[in-house]
Amino acid sequence: MTLLDDRNRAHIIAQALPYMQRYDKKTVVVKYGGHAMGDAELGRAFARDVTLMRQSGVHPVVVHGGGPQIGNMLKRLNITSEFRAGLRVTDRATIEIVEMVLAGSINKQIVQTITGEGGRAVGLCGKDGNLMIAEQLRRTMVDPDSAIEQVVDLGFVGQPAEVNPTVLKMVLKEDLIPVIAPVAHGKDGNTYNINADTFAGAIAGALNATRLLFLTDVPGVLDRDGNLIKSLTIGEARALMADGTISGGMIPKVETCIEAVEKGVEGVVILDGKVAHAVLLELFTDRGVGTLIQP
Ligand SMILES: Nc1ncnc2c1ncn2[C@@H]1O[C@H](COP(=O)(O)OP(=O)(O)O)[C@@H](O)[C@H]1O
Ligand SMILES: CC(=O)N[C@@H](CCC(=O)OP(=O)(O)O)C(=O)O
């Protein structure tokens, strides 16, 4: 380590101060996507970022996904799975696996990794403390052949009906880091699989979060040529969904961003979770990364 390296490090730490002050005691919801989770080293870097955020006075709330991990488990069990408009069609057998993978193994793995970095994390899902009540998602689509609008049956796919953030506020007050799996029950007694992006947006709205960050496996929203779009207005984002530039798993992400911006969440960003310390770079440095969605 040379003196120059030390000076650079000191400079970077000093640069973070105004950002730490800006986000002091503010809530930042981080959606940690299943595609960003693959690598153990990156997982530790993420856990370290979240721990550092908490240490510096920010209130991070982690909402995680796990789509690829659910897919792997379903494959091992020979259960076929299909996506429509970025959402997994979820039958009775699938919802059991979804809950097991999300609220069981992935949730506890993230809690363990944050704990390993010296943070104090608590794992929750929508069912805990009635945090979220879900209802069945009713989605309609226009059939391309008949041009008639039809209801798409997605099974036990839910959408947030109510968010009761009391349990989350208690956890945050105790300086703990909540890590939340996107599974919730409905008033009908069923368990629902909620897209993790949608879930994160509802939590950010209920907590009046200052920022909502989506960590995924691409640098942000890409144009038709694969180039990063650094910022998008709500109107531009809607146009890109309508013309098919934004498709698949990016649809629920962008829809959630639009809703969050409309509800007044200040900084909604989609960024590459495969870049080590993506959260710190976004939050605590001058280098904005990813796609910022604006009013
Ligand atoms: N315009 C676009 N820009 C970037 N990614 C897109 C776009 N349209 C579709 N995608 C797809 O969306 C994926 C991210 O969504 P998803 O797979 O659900 O990730 P996550 O697990 O992080 O939620 C990308 O890997 C990419 O394949
Ligand atoms: C309804 C629906 O599609 N639910 C998702 C929940 C997990 C998720 O959203 O994970 P990512 O963030 O990694 O995509 C699923 O079953 O895959």
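Residues numbered from 1 in each chain as written. Chains lettered and ligands numbered in written order. Predicted model: local features only at pLDDT ≥ 70, side-chain atom pairs only at ≥ 80, totals over all residues.

Enquirer: So what about the overall build of the chain? Which residues, and what values?
Expert: Within the chain, the regular secondary structure consists of nine helices and 16 strands. In terms of C-alpha radius of gyration, the chain reaches 19 Å, essentially the compact-globule figure of 19 Å for 295 residues. Along the first, second and third principal axes, the C-alpha set of the chain runs to 70 × 40 × 35 Å. Each of the 295 residues in the chain was classed as buried or not, and the buried ones make up 45%. Expressed as a percentage of contacts within the chain between residues at least 6 apart in sequence, the contacts between residues at least 24 apart total 76%. (Helix = DSSP H or I, 4+ residues; strand = E, 2+ residues; numbered from the N terminus. Rg over C-alpha atoms; globule rule 2.2 N^0.38 Å. Buried ≥ 20, exposed ≤ 12 C-beta atoms within 10 Å, placed from the backbone. Contact = placed C-beta atoms within 7 Å.)

Enquirer: Summarise the UniProt feature "domain: Aspartate/glutamate/uridylate kinase" (unreviewed entry) in the chain; cite the residues concerned and give the values.
Expert: Mapped onto this structure's residue numbering, the UniProt feature "domain: Aspartate/glutamate/uridylate kinase" (unreviewed entry) falls at residues 26-271. A distance of 20 Å separates the end C-alpha atoms of residues 26-271, which is 37% helix and 27% strand. (UniProt positions renumbered as here; feature names shortened; annotations may be inferred.)

Enquirer: Run through the site of ligand 2, naming residues and quoting values.
Expert: The environment of ligand 2 is made up of 16 residues, and the closest members are Gly34, Gly65, Gly67, Arg88 and Ala196. Residue assignment for the shell around ligand 2 shows that the elements contributing at least two residues are helix H3 (67-76) and strand S4 (87-88). Each residue belonging to the shell around ligand 2 can be placed in one class, and the counts come to six nonpolar, nine polar and one charged. (Near = placed C-beta within 6 Å. Nonpolar A, V, L, I, M, F, W, Y, C, P; charged D, E, K, R; others polar.)

Enquirer: Residues and numbers for the UniProt feature "binding site: substrate" (unreviewed entry) in the chain, please.
Expert: Per the UniProt record, "binding site: substrate" (unreviewed entry) is found at Gly66, Gly67, Arg88 and Asn193. In sequence the annotated residues extend across 128 residues, while in space they remain close, none of their C-alpha pairs exceeding 11.7 Å. Structurally, glycine 67 is set in helix H3. Among residues more than four places away in sequence, those in contact with glycine 67 are Gly34 and Gly249.

Enquirer: Can you tell me about the environment of histidine 185, naming the residues and giving the values?
Expert: Its place among the elements puts histidine 185 in strand S11 (residues 183-186). Expressed as a C-alpha distance, the spacing of histidine 185 and leucine 131, which sit 54 residues apart in the sequence, is 9.8 Å. Ignoring sequence-local partners within four residues, the contact set of histidine 185 consists of Lys127, Ala134, Asn190, Thr191 and Tyr192.

Enquirer: Before we move on, can you summarise the site of ligand 1 with the specific residues and values?
Expert: As a structural note, the neighbourhood of ligand 1 is formed by 17 residues, with Gly33, Thr216, Leu222, Gly249 and Met250 the closest of them. Tallied by class, residues from the shell around ligand 1 come to six nonpolar, 10 polar and one charged.

Enquirer: Which residues make up unusual backbone geometry, and what values do they have?
Expert: With phi around 60°, asparagine 130 is a residue other than glycine that occupies positive phi space. Position of asparagine 130 among the secondary structure elements: in the loop between strand S5 (121-125) and strand S6 (132-136). Look at aspartate 175: it is not a glycine, yet its phi comes out positive at around 60°. Checked against the element boundaries, aspartate 175 lands in the loop between helix H5 (166-173) and strand S10 (177-181). On the neighbour-count criterion, aspartate 175 (12 C-beta atoms within 10 Å) is exposed.

Enquirer: Could you give an account of helix H8 (residues 250-262), naming the residues involved and the relevant values?
Expert: For the α-helix, the turn length of 3.6 residues means that residues three or four positions removed from each other point alike. With 13 residues, H8 extends 18 Å from end C-alpha to end C-alpha; this agrees with the ideal 18 Å at 1.5 Å per step. Among the structural elements, helix H6 (196-206), strand S13 (211-216), helix H7 (234-242), strand S15 (267-272) and strand S16 (291-294) are those in contact with the buried residues of H8. Within two residues after H8, glycine 264 carries a phi angle of roughly 100°, on the positive side. (Expected span 1.5 Å × (residues − 1).)

Enquirer: Could you give an account of the environment of phenylalanine 156, naming the residues involved and the relevant values?
Expert: By secondary structure assignment, the location of phenylalanine 156 is in the loop between strand S8 (149-152) and strand S9 (158-163). When the C-alpha positions of phenylalanine 156 and glutamate 41 are compared, they lie 34 Å apart, and in sequence the two are 115 residues distant. Sequence-distant contacts of phenylalanine 156, that is, excluding residues within four places in its chain, are made with Thr90, Ile95, Asn190, Thr191, Tyr192 and Asn193.

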